[in-house]
Amino acid sequence: QVQLVESGGGLAQAGGSMRLSCAYSGRTFHSLVVGWFRQAPGKEREFVKAITESGLSTDSPASMKGRFDISRDNAKMIVYLQMNSLKVDDTAVYYCAAHARNGNYDVWGASEYPYWGQGTQVTVSS
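Because the structure is predicted, anything quoted here is derived from the model rather than measured. (Residues numbered from 1 in each chain as written. Predicted model: local features only at pLDDT ≥ 70, side-chain atom pairs only at ≥ 80, totals over all residues. Heavy atoms only, no water.)

Turning our attention to the layout of surface pockets. Put simply, the largest pocket is a space of about 160 Å³. In terms of lining residues, the largest pocket is bounded by R38, Q39, A40, K43, E44, E46, S63, R67, K87, D89, D90 and A92. When grouped by side-chain class, the residues that make up the lining of the largest pocket number two nonpolar, two polar and eight charged. (1 Å grid on protein atoms, 1.4 Å probe; cavity = no way out; pocket = protein on both sides within 12 Å on 5 of 7 lines; lining within 4 Å. Points joined across faces, edges and corners; volume = space filled by probe spheres on them. Nonpolar A, V, L, I, M, F, W, Y, C, P; charged D, E, K, R; others polar.)

This is how it looks when you write it as structure tokens:
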């Protein structure tokens with residue numbers, strides 16, 4: 001069992017930046033993958049970015065490519081999502097999630113992640 005808590009959300013202006021944090025605890029794994037997802041009103045939950053235990057990060061959907069960066073501090077057990085050049089369309093509830101699966105899996109698939117935080121609201125205004 002893994003617990004995750006997001007923080008750092010709030011209000012931002014279009015073109016600005018924001019950093020979200022995901023603190024995790026509980027059962028530890030040698031290769032815990034942590035990812036970020038988001039869900040805007042009226043839309044399905046979508047993958048944002050994920051990072052492996054060793055610090056390898058995934059790509060992101062086209063709408064977020066080049067704007068969002070992910071990093072982690074394994075000693076502090078925190079994963080960060082740095083969001084730059086924010087757009088109004090980035091407004092959503094942002095969730096962090098984790099899994100410890102090995103082998104073949106869909107890293108972009110929400111169903112692959114059994115552990116989830118409660119989410120943090122990000123609102124971008126123009």
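Now that the structure is up, let's keep going.
In strand β6 (residues 68-73), alternate side chains face the same way, and those of F68, I70 and R72 are buried while those of D69, S71 and D73 on the opposite face are not. Sheet topology places β6 next to strand β7 (residues 78-83); six bridges connect them, and they run antiparallel. Opposite D73, over in β7, you have I78 as the bridge partner. Taking the residues between adjacent antiparallel strands as the criterion, β6 and β7 are bridged by four residues, where M77 takes a positive phi near 60 degrees. (Buried < 20%, exposed > 50% of the residue type's maximum accessible area, 1.4 Å probe, protein only. Helix = DSSP H or I, 4+ residues; strand = E, 2+ residues; numbered from the N terminus. Pairing = 2+ DSSP bridges.)

Across soluble globular proteins, nonpolar side chains have a tendency to be buried as a group. W36, M83 and Y94 are the most contacted members of the largest nonpolar core, which totals 27 residues. Looking at this core, the elements with two or more residues in it are β1 (2-7), β3 (18-26), β4 (33-39), β5 (46-51), β6, β7, β8 (92-99) and β10 (120-125). If sequence neighbours within four positions are ignored, Y94 has contacts with E6, L20, W36, F37, R38, V48, F68, L81, M83, G119, T120 and V122. Ranked by size, the runner-up nonpolar core spans seven residues in total, among them F47, A97, V107 and Y113. (Core = buried A, V, L, I, M, F, W, Y, C linked by side-chain atoms within 4.5 Å. Contact = heavy atoms within 4.5 Å.)

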